[in-house]
Amino acid sequence: MIGRRGLLGASITFGIAGLRDHAAAQDAGWPSRPVRIINPFAPGASHDVLVRILGEQMQQRLGQPFISENRTGAGGSIGSEVAARAVPDGYSIYAATIGTLTINEHLYARLPYDPGRDFVPTTLIWEGANCLFVSAEKNPARTLPEFIAWARAQRRELTFSSAGAGTTPHLAGEMFKARIGIPAQHVPYREGSQRVLDLVSGALDFSVDNVATYTALHREGKLRAIAVASATRWPTLPDVPTMEEAGLPGFVVPSWGAFAFPTGTPAPIVAKLAAEVREITADPAVQRRFLAAGGRAVSSTPQETARFVAAERQRWGEVVRSAAIRME
């Protein structure tokens, strides 16, 4: 005979098991309502376009709206904080970038979120390439050795641009000038089109910047692409060598985006999102759309993503400290 205490224990055991079964059933049915994708950057930027392509594809596959919510400002910190504070139930996805997930913690004296503590890295979604660009009219260099010779012959400090302090083009420029041994001053721009036009006119000497930003004027012959800072040649610039091919070994400075969830999100949901992104990004049609928008479609498992993000965090911490960059 089972006593009263035994019945109570059995009741609690069955109750806990029931809650677990209910939670597992909810996870298995994800998503059962609209999902928001919190993007810490402005509409229309390359990252935003790529995230929206994925949202559109996931909606088609999973039958629920995936709604991009742009929460901009403070170098991505405002949207990142919103994502970090979201309920970890699988209905808030964080559209992170290399900056918000691995660079900003070294760059800013204070952040309203902790990238390592507040998020579960889930899958990479895109990667981009930075490329050394110069004015086709004002700069005589056509190869990397020619640019280095030209730069070292100038009796002045050169200038290079980016979209702001701490962005990958800024850090890539700092790394590049250190590697080739030239004096160069970083010039940050708020307006992307203006920095491109200033490079065309010769007001700026060079940029190691995102391929997508410069593609149109490169096609028009107003800018010259010297070398790509990626491990392999970039698909939209097949005739442009990598930095290593051009004579600068190991100079790989990519940009990338990733999906993450707030810490505490159920593991089955994390795994399901990663699996969906893997299938979506394997589609040749999606790959073509990504390249047209400035990125290459990629994916990774949650475990691979966590290892990658940890390595990137360490790498960029060393770069920021070496360049002595600090922002309030």
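Scroll up a little and you will see the structure.
Residues numbered from 1 in each chain as written. Predicted model: local features only at pLDDT ≥ 70, side-chain atom pairs only at ≥ 80, totals over all residues. Heavy atoms only, no water.

## Considerations on the overall build of the chain
Okay, step 1: Scanning the chain for helices and strands turns up 13 helices and eleven strands.
Okay, step 2: Principal-axis analysis of the C-alpha atoms gives the chain an extent of 95 × 40 × 30 Å.
Okay, step 3: Across the 328 residues that make up the chain, the buried fraction comes to 49%.
Okay, step 4: Taken as a whole, the chain presents about 15,200 Å² of accessible surface, with 55% of it coming from carbon and sulfur. (Helix = DSSP H or I, 4+ residues; strand = E, 2+ residues; numbered from the N terminus. Buried < 20%, exposed > 50% of the residue type's maximum accessible area, 1.4 Å probe, protein only. Areas by Shrake-Rupley, 256 points an atom, 1.4 Å probe, with all protein chains shown as cover.)

## Comments concerning unusual backbone geometry
Okay, step 1: Cis geometry marks the peptide bond from W30 to P31; its omega dihedral reads -5°.
Okay, step 2: Tracing the backbone shows P31 in the loop between α1 (4-28) and β1 (35-39).

## Digging into the side chain of S230
Okay, step 1: Inspection of the secondary structure puts S230 in the loop between β9 (223-228) and α10 (243-246).
Okay, step 2: Residue classification places S230 among the buried residues on the basis of a relative accessible area of 9%.
Okay, step 3: A polar atom in the side chain of S230 sits 2.5 Å from the backbone oxygen of T232.
Okay, step 4: The contacts of S230, once residues within four sequence positions are left out, are A129, T242, F251 and V252. (Polar contact = N/O pair within 3.5 Å; in protein donor to acceptor, adjacent residues only side chain to side chain. Contact = heavy atoms within 4.5 Å.)

## Some thoughts on the sheet that holds strand β2 (residues 66-70)
Okay, step 1: What the six strands build is an open sheet, ordered β2-β1-β3-β10-β4-β11; its pairing is mixed. Edge positions in the sheet fall to β2 and β11 (296-297), since each has one partner strand and no second.
Okay, step 2: Examined bridge by bridge, strand β3 (residues 92-97) and strand β10 (residues 255-262) share four bridges and lie antiparallel to one another. Each residue of the ladder has a partner; that of A95, found in β10, is F259.
Okay, step 3: Strand contacts of helix α11 (residues 267-281): β3, β4 (119-128), β10 and β11, with the helix running at about 10° to β4, the strand carrying the most contacts. (Pairing = 2+ DSSP bridges. Axes fitted to C-alpha atoms, helices over the stretch in contact; angles between N-to-C directions.)

## Concerning the packing of aromatic side chains
Okay, step 1: Counted under the stated rule, the structure contains twelve aromatic pairs.
Okay, step 2: Pairing W30 with F261 gives two aromatic rings, centres 6.4 Å apart and planes at 80°, and the pair type is edge-to-face. Linking W30 in the loop between α1 and β1 with F261 in strand β10, this pair joins segments that are 231 residues apart in sequence.
Okay, step 3: A relative accessible area of 0% means that F261 is categorised as buried.
Okay, step 4: Between Y113 and F119, the ring centres sit 6.1 Å apart and the planes meet at 65°, which makes this aromatic pair edge-to-face. Comparing Y113 with F119 shows no difference in burial state: the two are buried.
Okay, step 5: Put simply, the rings of F147, W150, F160, F176, F206 and F251 touch in pairs and so form one group of aromatic residues.
Okay, step 6: One residue, R33, lies across the ring of Y91, its end atom 3.7 Å from the ring centre. (Phe/Tyr/Trp six-rings, centres within 6.5 Å; stacked < 30°, edge-to-face > 60°. Lys NZ or Arg CZ within 6 Å of the ring centre and 35° of its normal.)

## Topic: the pattern of salt bridges
If the charged atoms of two oppositely charged side chains come close together, the side chains can form a pair.
Okay, step 1: Following the criterion strictly, the structure yields 17 salt bridges and no others.
Okay, step 2: Close ionic contact of D118 with R117 constitutes a salt bridge, the shortest N to O distance being 2.9 Å.
Okay, step 3: Ionic pairing is found between R233 and E245, a salt bridge with its closest N-O pair at 2.9 Å. Note that R233 is positioned in the loop between β9 and α10 and E245 in helix α10, a separation of twelve residues in sequence.
Okay, step 4: Salt bridges linked by common partners bring R36, E69 and R71 together as one network. (Salt bridge = Lys/Arg side-chain N within 4 Å of Asp/Glu carboxyl O.)

## Section: the environment of L171
Okay, step 1: Within the element layout of this structure, L171 appears in helix α7 (residues 168-180).
Okay, step 2: Separated by 152 residues in the primary sequence, L171 and A323 have C-alpha atoms spaced 7.9 Å apart.
Okay, step 3: Setting aside its immediate chain neighbours within four residues, L171 contacts I103, G166, W316, V319, V320 and I325.

## Digging into helix α9 (residues 211-219)
Residues lying three or four places apart along an α-helix face the same way, a consequence of the helix completing one turn every 3.6 residues.
Okay, step 1: Listing the buried residues of α9 in full gives V211, Y214, T215 and L217.
Okay, step 2: The N-terminus of α9 is capped by N210, whose side-chain oxygen sits 2.9 Å from the backbone nitrogen of A212.
Okay, step 3: At the C-terminal side of α9, G221 shows a positive phi close to 80°.

## Thoughts on the pairing of strand β5 (residues 130-135)
Every regular strand shows the same layout, with side chains that alternate between the two sheet faces.
Okay, step 1: Burial within β5 is extensive, with six of its six residues counted as buried.
Okay, step 2: Judged from the four bridges that link them, β5 and strand β8 (residues 207-210) form a sheet pairing that is antiparallel. Across the sheet, residue F133 finds its bridge partner in β8, namely S207.
Okay, step 3: As defined by bridge partners, β5 adjoins β9 across five bridges and the pair is classed as antiparallel. Among the inter-strand pairings, V134 is bridged to a residue of β9, identified as R224.

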